[in-house]
Amino acid sequence: MQALVLVGGFGTRLRPLTYHVPKAMVPIANIPFIERFVDYLEANGITHIIFAMGYLPDPIANHLAKRNSKAKYDFIVEEQPLDTGGAIKNAEALLSDRFFVFNGDVLTTIPLREILKVHEQKGALVTIALTPVDDPSRYGVVVTDEDGRVQAFIEKPPKETAPSNLINAGIYLYEREVLKHIPAGQPYSVERGLYPKLLEVDAPFYAVAFHDDYWLDIGKVEHYLQANFDVLSRKAPMPIAGKEIQQGVWVGKGVEISSTAKVSPPVLLGDGCVIEDGATVGPFAVLGNRVTVKRNAIVRESVLWEGCIVGEEAIVTRCVLGSHCEIEANVNVEPDRAYGCGERITAGVPA
Ligand code: GTP
């Protein structure tokens, strides 16, 4: 079975992290998102993956080239952003009679065979996976009849007026025929263009809801942090790169933890991390390779990419730090935000 994965977006909501690293390459518990995603596709029987790329394609392609993969890959790079639908149309020459399409930024365990089963039973042109969320106002809400046939597709409705909490999970199964509804060579959105059009022409457009499977769109800083924490706490049942030395504490190779440091699970420390005297790491902390947390510093509910240095007595809470950030001693880093790769943080907020 074939899959087209959309990984061409700018990832503006994850800036400044995505100024140099495409969203598909951000690490989730120290494993690049795309690596986890390809594992998921392969485990679900996908044998051919087409990556529709645009912004910063090289880091993704280079990473995948090094991977020992079972699936065959193809890469298409758009000259201008074509949006979701335009990107699918642009891959037409490579697409088979039936194929999956994925937003390349959802961390999920939704089983693809269930989508295929419904698609075949209903004789659908398009089948879309749905997932429940608490606040559907930032997503595409999908309303179906009792038979699962889509009745309405409402992009970003206000929370109070949303007719359902079931949203578009960014996973679709298409018959090739649907491509005739998408204009060629121009930006076009499946959410705002194709799906309303399918309803207009009364095409067999079905949906299947997954209430029990893990699903999270990692596109916002808050959700990116959550995805990391969900992997650590095992809410997202996915591999963790490291050895579990005590319950909920995973470490890579050559990690040094002072006997006076406090490591509170769940925590993941990458290869070569150093946790100095009196420092506190966790709960909920992911440290990439070679991160140093100096004397009496505190790192909680945060994700630090490789090579970061947290100065003495500094405090980091609910932050994402891109690679090689350096925090000066005694700085209480402003929480609930991301810092770009290589930033030197010299001032914070009062502790
Ligand atoms: P934001 O700028 O933060 O909204 O992120 P984004 O650019 O990734 O947009 P969004 O999250 O809405 O995109 C959903 C999925 O579609 C992501 O996996 C994107 O990489 C992908 N995508 C969005 N626009 C394009 C495009 O023009 N071309 C391709 N190939 N993929 C796209």
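Residues numbered from 1 in each chain as written. Predicted model: local features only at pLDDT ≥ 70, side-chain atom pairs only at ≥ 80, totals over all residues. Heavy atoms only, no water.

Our focus in this paragraph is the overall build of the protein chain. The secondary structure content of the protein chain amounts to 6 helices and 30 strands. The C-alpha radius of gyration of the protein chain comes to 21 Å, within 12% of the 20 Å expected for a compact globule of 351 residues. Along the three orthogonal principal directions, the C-alpha set of the protein chain runs to about 65 × 45 × 35 Å. Among the 351 residues that make up the protein chain, the fraction classed as buried is 56%. Put simply, of all contacts in the protein chain between residues at least 6 apart along the chain, 52% involve residues at least 24 apart. When the accessible surface of the protein chain is summed, it comes to about 15000 Å², and 47% of that surface belongs to carbon and sulfur atoms. (Helix = DSSP H or I, 4+ residues; strand = E, 2+ residues; numbered from the N terminus. Rg over C-alpha atoms; globule rule 2.2 N^0.38 Å. Buried < 20%, exposed > 50% of the residue type's maximum accessible area, 1.4 Å probe, protein only. Contact = heavy atoms within 4.5 Å. Areas by Shrake-Rupley, 256 points an atom, 1.4 Å probe, with all protein chains shown as cover.)

Before going further, it helps to examine the site of the ligand. Around the ligand there are 19 residues in total, and Leu-6, Thr-12, Arg-13, Glu-78 and Asp-83 lie nearest to it. Measuring from a nitrogen atom of the ligand, one finds a side-chain N or O atom of Glu-78 at 2.7 Å. With the chains in place, 82% of the 620 Å² that the ligand exposes on its own is no longer accessible. It is helix 3 (residues 83-90) that contributes the most residues to the shell around the ligand, 3 residues altogether. Here the residues of the shell around the ligand are counted per class, giving 7 nonpolar, 7 polar and 5 charged. (Near = heavy atom within 4 Å. Polar contact = N/O pair within 3.5 Å; in protein donor to acceptor, adjacent residues only side chain to side chain. Nonpolar A, V, L, I, M, F, W, Y, C, P; charged D, E, K, R; others polar.)

With 6 of its 8 residues buried, helix 3 lies for the most part within the structure. Looking at the buried positions of helix 3, the neighbouring elements they touch are strand 1 (2-6), strand 4 (48-53), strand 6 (98-103), strand 11 (166-175) and helix 5 (190-200).

Further remarks concern the pattern of salt bridges. Scanning the model with the defined rule gives 22 salt bridges in all. Its salt-bridge partner being Asp-105, residue Lys-23 comes within 2.7 Å of it at the nearest N-O pair. Of the two residues, Lys-23 is situated in the loop between strand 1 and strand 2 (27-28) and Asp-105 in the loop between strand 6 and strand 7 (106-108); the sequence distance between them amounts to 82 residues. Just as Lys-23 is buried, Asp-105 falls in that class too. Salt-bridge contacts for Asp-39 lead to Arg-67; the nearest nitrogen and oxygen are separated by 2.2 Å. Linking Asp-39 in helix 1 (residues 33-43) with Arg-67 in the loop between helix 2 (57-65) and strand 5 (72-77), this pair joins segments that are 28 residues apart in sequence. Relative accessible area serves as the criterion here: at 35%, Asp-39 is assigned to the partly exposed category. (Salt bridge = Lys/Arg side-chain N within 4 Å of Asp/Glu carboxyl O.)

Further remarks concern the domain arrangement of the protein chain. Along its sequence, the protein chain is organised into domain 1 (2-217) and domain 2 (240-345). Once you take the C-alpha centre of each, domain 1 and domain 2 turn out to be 33 Å apart. Facing the 8 residues of domain 1 at the interface are 14 residues of domain 2. Summing both sides of the interface, domain 1 and domain 2 together bury roughly 890 Å²; the carbon and sulfur share of this comes to 76%. (Domains from an automatic or database assignment. Buried area = accessible area lost by both parts, 1.4 Å probe.)

Turning our eyes to something else, we now look at the side chain of Asn-228. By secondary structure assignment, the location of Asn-228 is in helix 6 (residues 221-232). Residue class for Asn-228 comes out buried when judged on its relative accessible area of 0%. In this view, Asn-228 contacts Pro-27, Ile-28, Ala-29, Val-286 and Val-303; residues no more than four positions away in its chain are not counted.

Following the criterion strictly, the structure yields 0 disulfides and no others. Cys-308 provides the cysteine sulfur closest to Cys-273, a residue in no disulfide bond, and the two sulfurs are 9.7 Å apart. A relative accessible area of 0% places Cys-273 in the buried class. Distance from the sulfur of Cys-325, which forms no disulfide, to the nearest cysteine sulfur (Cys-308) is 4.8 Å. (Disulfide = S-S within 2.5 Å.)

With that settled, the discussion passes to the packing of aromatic side chains. Each pair of aromatic rings is reported with the distance of its centres and the angle of its planes. By the definition in use, this model includes 17 aromatic pairs. Look at Phe-33 and Phe-37: their rings are 5.6 Å apart centre to centre, the planes differ by 25°, and that puts the pair in the stacked class. Highlighted residues: Phe-33 and Phe-37, both in helix 1, separated by 4 residues, approximately one helical turn. Using a relative accessible area of 2% as the deciding quantity, one classes Phe-37 as buried. On the numbers, 5.9 Å between centres and 20° between planes, the contact of Tyr-172 with Tyr-174 is stacked. (Phe/Tyr/Trp six-rings, centres within 6.5 Å; stacked < 30°, edge-to-face > 60°.)

One way to put it is that helix 1 packs onto helix 2 with a least axis distance of 10 Å and a crossing angle of 55°. As judged from the angle between their axes, helix 1 and helix 2 are oblique. Seen along the crossing, helix 1 lies across helix 2 with a hand that is right-handed. Packed against helix 1, whose contacting residues are Ile-34, Glu-35 and Val-38, the element helix 2 presents Ile-60, His-63 and Leu-64 at the interface. Split into classes, the residues belonging to the contact of helix 1 with helix 2 amount to 4 nonpolar, 1 polar and 1 charged. (Axes fitted to C-alpha atoms, helices over the stretch in contact; angles between N-to-C directions. Parallel < 35°, antiparallel > 145°, perpendicular 65-115°, else oblique. Left-handed = near helix turned anticlockwise from the far one by under 90°.)

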